[in-house]
Amino acid sequence: MLAPLFDNIPLMIMLVGMLVGIASTLVGTFLVLRGSSMLSDAIGHSIVFGIVIVWLLTHQQSGPVQIVGAALTGLLTVFLTELLVNTQRVKKDAAIGLVFPVLFSIGVLLLNLYARDVHIDTHTVLLGEIGFVWLDTVSLGGYPVPQSLLSMGAMTLLNGLFVLVFYKELKLATFDAPLAKALGFAPGVLFYALLMLTSGTAVAAFDAVGAVLFVAFVIVPPSAAYLLTNRLWLMFVYGMVISVLSSVSGYYLAVAWDVSIGGMMAVMTGVFLLLAFLAGPHYGLLAQLARRRGQRRLNENRTLAVHLYNHEGEPEQAVENVTRALREHLHWDAAKARRVVQRSREQGHVLQEGELLHLTPAGRAIAREILEPAKF
């Protein structure tokens, strides 16, 4: 019954991509909110050092030992970065840029010196090949299951349990670390645990999708989700949905255009980020333009109300409170003056009798709120 499922090559490829995206989003959301998202890039490169060291010690190319080794390397990366930052001689971004190239280059040197004939290479670690995940299988209940599907499924479950169990503590440590420390939540320990899971996810993903796509999934879907909502739990939902859609659309577009599957999945995360940047309800470019346009219209209506209020009941009212006078006093062209008057009439702020403009009680209240704020 399950055999057709595991024999479905496109489904296996997309499922692995989805699991990498979901697992990465679970840890990447907090990294993005903390402003530490580029640590994932540092970890994604420096795990080469951990992978080579573990192989030299155990001669194991995969498995839990490799995941633990990479996780410890990720912690080493962060520790060395924090050590440099604490010297107050370099900033955090510069410290990251100093640490991970050193660890990555040492890993590459050790790889070429002592593991040249072993099937561990920088191309595999950085780029991977998600299109071949269906070839590396293990027998599970008599079914050939892709090994990457199992490893990424385990990491997704582990990351999900961590976020679920420590959700409140992680939330507080992310948004108010001093308060979390005062309440005894040990935000530093939580952060290092989060980075251990990030490192573990990276090494579990590198054989299938490579570090580059892993970094894209860690950073881009949570960033896109951040543009769509201000609520943390919705960030997780949107980030995971974007990861799933990126995996599915990336696969089919890659097949249609005969290009790299992993590369196209990464491109699609960027496409969704662009859409969120343009159409996000809170921070999207179109929403910001609409808010600015609405604020500009509101200011125009208020300016008209103040002008009419200042001349209301005065001898010059018949001359000043007419549409053509707005061009001289407010420096509006004829079209803009007519447009603002018409809008104010539609909103019930202004009445027009012939050419003369009168404020309604609502329009007069707007003017008084601006001119006499102490009374409101």
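Draft legend 1. View of helix H7 (residues 147-165). Relative to the 27 Å expected for 19 residues at 1.5 Å per residue, H7 spans 27 Å between its end C-alpha atoms, a close match to the ideal helical length. All of the buried residues along H7 are Ser148, Leu149, Met152, Met155, Thr156, Asn159, Phe162 and Val163. Seen end-on, H7 carries its buried residues on one side only, within an arc spanning 165 degrees. Of the residues in H7, the exposed ones pointing more than 90 degrees away from the buried face are Leu157, Leu164 and Val165. Buried-residue contacts for H7 involve helix H1 (3-7), helix H2 (9-33), strand E2 (143-146), helix H8 (167-175), helix H10 (187-206) and helix H12 (232-257).

Draft legend 2. Fine view of the pairing of strand E1 (residues 137-140). Pairing geometry for E1 and E2, over four bridges, is antiparallel. Within E2, the residue paired with valine 138 across the bridge is valine 145. Hairpin geometry of E1 and E2 is characterised by an intervening segment of two residues between the two adjacent antiparallel strands and by a positive phi of about 65 degrees at glycine 141.

Draft legend 3. Quick peek at the packing of aromatic side chains. Inspection of the entire model under this criterion finds seven aromatic pairs. The interplanar angle of 40 degrees and the centroid separation of 6.0 Å between the aromatic rings of phenylalanine 6 and tyrosine 143 together place this pair among those described as tilted. With phenylalanine 6 in helix H1 and tyrosine 143 in strand E2, this residue pair connects regions lying 137 residues apart in the sequence. For tyrosine 143, a relative accessible area of 26% puts it in the partly exposed group. Between the aromatic rings of phenylalanine 162 and phenylalanine 166, the centroid separation amounts to 5.3 Å while the plane-to-plane angle is 50 degrees, which identifies the pairing as tilted. A residue is classified by how much of its surface remains accessible, and phenylalanine 162, at 12% relative accessible area, is buried. Taken together, the aromatic side chains of Phe30, Tyr167 and Phe236 make up a single cluster linked through ring pairs. We note arginine 34 situated over the ring of phenylalanine 191; from NZ or CZ to the ring centre the distance is 3.8 Å.

Draft legend 4. Highlighting the nonpolar core. In terms of nonpolar packing, the biggest core is built from 34 residues, with Phe30, Ile47 and Leu195 touching the most fellow members. With eight residues, the single largest contributor to this core is H10. Setting aside its immediate chain neighbours within four residues, isoleucine 47 contacts Ala70, Thr73, Ala202, Val203 and Phe206. Counting 32 residues, the second largest nonpolar core, distinct from the first, contains Met264, Met265, Met268 and Ala276.

Rules used throughout
- Residues numbered from 1 in each chain as written.
- Predicted model: local features only at pLDDT ≥ 70, side-chain atom pairs only at ≥ 80, totals over all residues.
- Heavy atoms only, no water.
- Helix = DSSP H or I, 4+ residues; strand = E, 2+ residues; numbered from the N terminus.
- Expected span 1.5 Å × (residues − 1).
- Buried < 20%, exposed > 50% of the residue type's maximum accessible area, 1.4 Å probe, protein only.
- Arc of directions from axis to C-beta.
- Contact = heavy atoms within 4.5 Å.
- Pairing = 2+ DSSP bridges.
- Phe/Tyr/Trp six-rings, centres within 6.5 Å; stacked < 30°, edge-to-face > 60°.
- Lys NZ or Arg CZ within 6 Å of the ring centre and 35° of its normal.
- Core = buried A, V, L, I, M, F, W, Y, C linked by side-chain atoms within 4.5 Å.

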